[in-house]
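Now for the letters of each chain:
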Amino acid sequence: MATTAVIAAGGLTAAGPVGAAWAETRPDAIGQRIEKVVGPDRHPGALAAVRDRRGRTQHYTAGVGDLRTGAKVPKNGQVRIGSASKMFASVVVLQLVGEGKVKLDESVETYLPGLVRSPGVDPRAITVRHLLQHTSGLPDYTDAMFKSKSDIPPYQHIYFEPRDLLDMANAMQGRPAGDWSYSNTNYLLAGLIAQRVTGRPFNELVTTRVIERIGLRDTYAPGVGEEDIRGRHPHGYQIDETTGELLDFTRMDPSWGWAAGQLISTPADLNTFLRALLAGRLLKPAQLAEMRTTVAVDPQSDLRYGLGLFRTPLSCGGVAWGHGGDIPGYSTVDGATDDGRAATLVVTSLNGSVVDGSVAADRAALVDAALCAK
């Protein structure tokens, strides 16, 4: 097989056969499944970490880590985790709830008076719970930014303040609180509330209250203007809708994701986070119970959402808890069970950047199989 890629940041063009580099054959079922998600019509690269009940972790990689050089995907490399960051933000807010600094059923207007002004919404009727649960009715500011995939490249190196993002949401039509509807604006506001009640920057809060507390060595919140990924990492790619070629999106400013999606981590660190969360190491029992109290995402689906966590049924019975994430260059699927299992898979392009739509099902099936393994 062969591929051609345009590396936007450096203006370089890489072309040639890469079949031998896609990945080495692996004997176990998860290794076979990860091979299925990579290829020219799927994702350039993939990496996964699977933790069993005894705490043993197996790492997997497949595909190409750098289309220009043909370098392999680094084992447990750092990646942008997009909306998986929402789990971390929710933990910060729920910790503040446990400390009596925030009330889940208090109005957003109490904490951020006058900031929410989207037509069609009453900020006095939107609670902190609504934000964390995605039932606020607030519009998603990213819908204003990314009306189509061709709108993504211009934002690659643009820095946004959180208030800039809120201004976008305030210019959009919302609806009354109640029904579940995913919106990044909810977690933008959650981050602003955390800052307001503590008087500390959100990045500091997530670092000291979550990352350092459980010893996540490869997870961090990028600093202002920080575009590079600090450690070993696979390159991430975004399709150019006008040419159909892959742009290297590894180096980018993630500030538009902020509390809703800017963190960098590794598959193993995400597994560690999920296990620490479910084991009660990050939240008091009352707040963890609130986080796991769910509402229906879709009446036609068994998928449910708590306060920053999806509850996903497993094919073998039981459920997994987690929160995936998409950001230009990377897409994450993860989950953990109450008996100690955890699995995270990251691919190096978004779902929308591949031709074969069945790859999304293959990714979900890999995590399900890893969590259902005996």
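Further up the page is the structure itself.
Residues numbered from 1 in each chain as written. Predicted model: local features only at pLDDT ≥ 70, side-chain atom pairs only at ≥ 80, totals over all residues. Heavy atoms only, no water.

Peer 1: Looking at this structure, I do not really get the layout of surface pockets. What am I missing?
Peer 2: Summary: where empty space remains is shown by rolling a probe the size of a single water molecule over the atoms. Its boundaries defined by the atoms lining it, the second largest pocket holds a volume of some 270 Å³. As for the second largest pocket, its lining consists of 15 residues, and the residues nearest its centre are Val50, Asp52, Ala370, Ala373 and Lys374. Mapped onto the lining of the second largest pocket, the elements with two or more residues apiece are helix H1 (29-36), strand E3 (45-51) and strand E4 (57-66). Its residues placed into classes, the lining of the second largest pocket shows 6 nonpolar, 1 polar and 8 charged. (1 Å grid on protein atoms, 1.4 Å probe; cavity = no way out; pocket = protein on both sides within 12 Å on 5 of 7 lines; lining within 4 Å. Points joined across faces, edges and corners; volume = space filled by probe spheres on them. Helix = DSSP H or I, 4+ residues; strand = E, 2+ residues; numbered from the N terminus. Nonpolar A, V, L, I, M, F, W, Y, C, P; charged D, E, K, R; others polar.)

Peer 1: For this particular structure, what's the right way to read the packing of aromatic side chains?
Peer 2: The description of an aromatic ring pair rests on the distance of the ring centres and on the angle between the ring planes. Taken as a whole and assessed by the stated rule, the structure comprises 9 aromatic pairs. Here the aromatic rings of tryptophan 180 and tyrosine 305 are separated by 5.7 Å at their centres, their planes lie at 55°, and the arrangement is tilted. Separated by 125 residues along the polypeptide, tryptophan 180 in the loop between helix H6 (162-170) and helix H7 (184-198) and tyrosine 305 in strand E11 (residues 304-305) bring together distant segments of the chain. By the burial criterion, tryptophan 180 is buried, and tyrosine 305 matches it. Seen in terms of ring centroids, tyrosine 305 and phenylalanine 310 are 4.6 Å apart; in terms of plane orientation they differ by 80°. Their pairing is edge-to-face. Side by side, tyrosine 305 and phenylalanine 310 carry an identical accessibility label, which is buried. (Phe/Tyr/Trp six-rings, centres within 6.5 Å; stacked < 30°, edge-to-face > 60°. Buried < 20%, exposed > 50% of the residue type's maximum accessible area, 1.4 Å probe, protein only.)

Peer 1: Even after reading the chapter, I still don't get H1, so can you show me in this structure?
Peer 2: In an α-helix, one full turn covers 3.6 residues, which means residues spaced three or four apart are oriented alike. Burial in H1 covers these residues: Ile30, Gly31 and Ile34. Viewed end-on, H1 has its buried residues packed into an arc of 100°, placing them on one side of the element. Where H1 is buried, its residues touch E3, E4, strand E16 (342-347) and helix H12 (359-372). (Arc of directions from axis to C-beta. Contact = heavy atoms within 4.5 Å.)

Peer 1: Is there a simple way to explain the state of the cysteines in this structure?
Peer 2: By definition, a disulfide links two cysteine residues through a covalent bond between their sulfur atoms. Counting across every chain of the model gives 1 disulfide. Bridging cysteine 316 to cysteine 372, the disulfide has an S-S length of 2.1 Å. Linking cysteine 316 and cysteine 372, the disulfide has an S-S dihedral of approximately -80° and is accordingly described as left-handed. In this pair, cysteine 316 is assigned in the loop between strand E12 (310-313) and strand E13 (319-322) and cysteine 372 in helix H12, connecting sequence segments 56 residues apart. Since its relative accessible area comes to 43%, cysteine 316 is described here as partly exposed. (Disulfide = S-S within 2.5 Å.)

Peer 1: It is not clear to me how the pattern of salt bridges should be interpreted in this structure. Could you clarify?
Peer 2: Between side chains of opposite charge, a pair can form as their charged atoms come close. Enumeration over the complete set of coordinates arrives at 15 salt bridges. One salt bridge connects aspartate 362 with arginine 42, and the closest N-O pair in it is separated by 2.7 Å. Of this pair, aspartate 362 sits in helix H12 while arginine 42 is found in the loop between H1 and E3, placing the two residues 320 residues apart along the sequence. Residue aspartate 362 is classed as buried on the basis of its relative accessible area of 17%. Judged by its relative accessible area of 10%, arginine 42 is buried. Measuring nitrogen to oxygen at the nearest pair gives 2.7 Å for the salt bridge that ties aspartate 52 to arginine 56. Using a relative accessible area of 23% as the deciding quantity, one classes aspartate 52 as partly exposed. A single salt-bridge network, built from bridges that share partners, covers Lys36, Arg42 and Asp362. (Salt bridge = Lys/Arg side-chain N within 4 Å of Asp/Glu carboxyl O.)

Peer 1: Any chance you could explain helix H2 (residues 85-98) here in plain terms?
Peer 2: Look at H2: 20 Å from first C-alpha to last across 14 residues, which is about the 20 Å you get at 1.5 Å a residue. Counting buried residues in H2 gives 13 out of 14 residues, a clear majority hidden from the surface. (Expected span 1.5 Å × (residues − 1).)

Peer 1: Help me out: how do you make sense of the side chain of threonine 266 in this one?
Peer 2: Inspection of the secondary structure puts threonine 266 in the loop between strand E9 (264-265) and helix H10 (267-278). Separated by 3.5 Å, the side chains of threonine 266 and asparagine 76 make a polar contact. Apart from the residues within four sequence positions on either side, threonine 266 is in contact with Asn76, Gly77, Gln78 and Asp218. (Polar contact = N/O pair within 3.5 Å; in protein donor to acceptor, adjacent residues only side chain to side chain.)

Peer 1: What is the right way to read the packing of H1 against H12 from this model?
Peer 2: Helix packing for two helices is described by the angle between their axes and how far apart those axes are. Their axes nearest at 9 Å, the elements H1 and H12 cross at an angle of 170°. As far as their axial angle goes, H12 and H1 are roughly antiparallel. Along its contact with H1, which presents Ile30, Arg33, Ile34 and Lys36, the element H12 presents Asp362, Ala365, Leu366, Ala369 and Ala370. For the contact of H1 with H12, the class distribution of residues is 6 nonpolar, no polar and 3 charged. (Axes fitted to C-alpha atoms, helices over the stretch in contact; angles between N-to-C directions. Parallel < 35°, antiparallel > 145°, perpendicular 65-115°, else oblique.)

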